Amino acid sequence: MLCIHFPELAKIVQDNILYAKAVKLMGYRTNAAKLDFSEILSEEVEAELKEAAVVSMGTEVSELDLINIKDLCDQLLPLSEYRAQLYDYLKSRMNTIAPNLTAIVGELVGARLIAHGGVEGCRCGCVLQSCVWC
């Protein structure tokens, strides 16, 4: 819905998390000129955002739409933090459980391989000889 109100913002702020933070802080695009985005965006991006907000081709949105957009941002930001925590957990567990596999294919692919093969598949792979010619 915000793409109708401020379509230029998606081209200026391409990171989804920074986009959600900027939208949550800004609200209506007319507020952009008087807000400080320095904690979220770099100086260049902030200046570009403020310039684009003044000359934006977007239409107006209702107060209800803006409330729903901000609620969506409130849901998105904690989920992205939780995702980062889960990735850190997966990374530490994979380095502990299967460091060689992790080094070869990475944490995510290694975890999927273990999940697909199951615990028994992992145990059988550990027992097999590394050379079929022996």
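Scroll up a little and you will see the structure.
Reading guide: rules and limits
- Residues numbered from 1 in each chain as written.
- Predicted model: local features only at pLDDT ≥ 70, side-chain atom pairs only at ≥ 80, totals over all residues.
- Heavy atoms only, no water.
- Helix = DSSP H or I, 4+ residues; strand = E, 2+ residues; numbered from the N terminus.
- Buried < 20%, exposed > 50% of the residue type's maximum accessible area, 1.4 Å probe, protein only.
- Contact = heavy atoms within 4.5 Å.
- Areas by Shrake-Rupley, 256 points an atom, 1.4 Å probe, with all protein chains shown as cover.
- Core = buried A, V, L, I, M, F, W, Y, C linked by side-chain atoms within 4.5 Å.
- Patch = residues over 30% accessible without salt bridge, like charges linked within 9 Å, V, L, I, M, F, W, Y side chains within 5 Å.
- Salt bridge = Lys/Arg side-chain N within 4 Å of Asp/Glu carboxyl O.

A. View of the overall build of the protein. Within the protein, the secondary structure is distributed over seven helices and zero strands. Mapped from its N terminus to its C terminus, the protein presents α and β elements in the order α-α-α-α-α-α-α. Among the 134 residues that make up the protein, the fraction classed as buried is 25%. Excluding contacts between residues fewer than 6 apart, the proportion of contacts in the protein whose partners are at least 24 apart in sequence is 50%. Taken as a whole, the protein presents about 9,600 Å² of accessible surface, with 60% of it coming from carbon and sulfur.

B. Broad picture of the nonpolar core. Phe 6, Leu 9, Val 13, Met 26, Ala 32, Phe 37 and Leu 49 are the most contacted members of the largest nonpolar core, which has 17 residues in total. Broken down by secondary-structure element, the contributors of at least two residues to this core are α2 (9-12), α3 (16-26), α4 (43-54) and α5 (63-97). Per-element tally for this core: the top contributor is α3, with four residues.

C. Seen up close, a nonpolar patch on the surface. Together, Ile 104, Val 105, Val 109 and Leu 113 make up an exposed nonpolar region whose accessible area comes to about 360 Å². One can find Ile 104 in helix α6 (residues 99-105).

D. Local environment of the pattern of salt bridges. Summed over all chains, the structure comprises three salt bridges. With a closest N to O distance of 2.8 Å, Lys 24 and Asp 74 form a salt bridge. Of the two residues, Lys 24 sits in helix α3 while Asp 74 sits in helix α5, which places them 50 residues apart along the sequence. The partly exposed category is assigned to Lys 24, whose relative accessible area is 38%. On the basis of relative accessibility, which here comes to 35%, the residue Asp 74 falls in the partly exposed class.

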